[in-house]
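Overview (structure and organization)
Listed here are the chains, written in short residue letters.
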Amino acid sequence: MKASVDRDICIGCGLCEITCPEVFELDDEMISTVIVDEIPEDLEECAQEAEEECPVTAITVG
Ligand code: SF4
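In this report, we go over the structure that sits alongside the text. (Residues numbered from 1 in each chain as written. Predicted model: local features only at pLDDT ≥ 70, side-chain atom pairs only at ≥ 80, totals over all residues.)

1. Quick word on the environment of Glu 49
Positionally, Glu 49 belongs in helix α2 (residues 44–53). Linking Glu 49 and Thr 60, residues 11 residues apart in sequence, is a C-alpha distance of 11 Å. In contact with Glu 49, other than residues within four places in its own chain, are Thr 19 and Cys 20. (Helix = DSSP H or I, 4+ residues; strand = E, 2+ residues; numbered from the N terminus. Contact = placed C-beta atoms within 7 Å.)

Have a look at this one:
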């Protein structure tokens, strides 16, 4: 399972980083980036939670 963030859509609210900091991190431009290649199994749930919670649906997990 992998995650991606659409940088053109992300508004930098930081929610994904709070929900799942092992997978998402705001970069220098305050845009969320994915910091793992393959999501470890024990983090899949929080990554999916971050996907669901993103207010602008910028996250894709699958
Ligand atoms: S929750 Fe969505 S809008 Fe907020 S920082 Fe993460 S990807 Fe960007």
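2. Side note on the nonpolar core
Among the nonpolar cores identified, the biggest contains 13 residues, and Cys 16, Cys 20, Val 23, Ala 47, Ala 50 and Ile 59 are the most heavily contacted of them. Breaking this core down by element, the ones donating at least two residues are β1 (3–5) and α2. What Val 23 contacts, discounting residues up to four positions off in sequence, is Ala 3, Val 34, Ile 35, Val 36, Ile 39, Leu 43 and Ala 47. (Core = buried A, V, L, I, M, F, W, Y, C linked by C-beta atoms within 7 Å. Buried ≥ 20, exposed ≤ 12 C-beta atoms within 10 Å, placed from the backbone.)

3. As for the environment of Glu 44
For Glu 44, the position within the fold is in helix α2. Aside from chain neighbours lying at most four places away, what touches Glu 44 is Met 1 and Ile 39.

4. Re unusual backbone geometry
Residue Met 30 is not a glycine yet carries a positive backbone phi of 60°. For Met 30, the position within the fold is in the loop between β2 (24–26) and β3 (32–34). For Met 30, a count of 11 C-beta atoms within 10 Å corresponds to the exposed category. Its identity as a non-glycine residue notwithstanding, Thr 57 has a phi of 45°, on the positive side. One can find Thr 57 in the loop between α2 and β4 (59–61).

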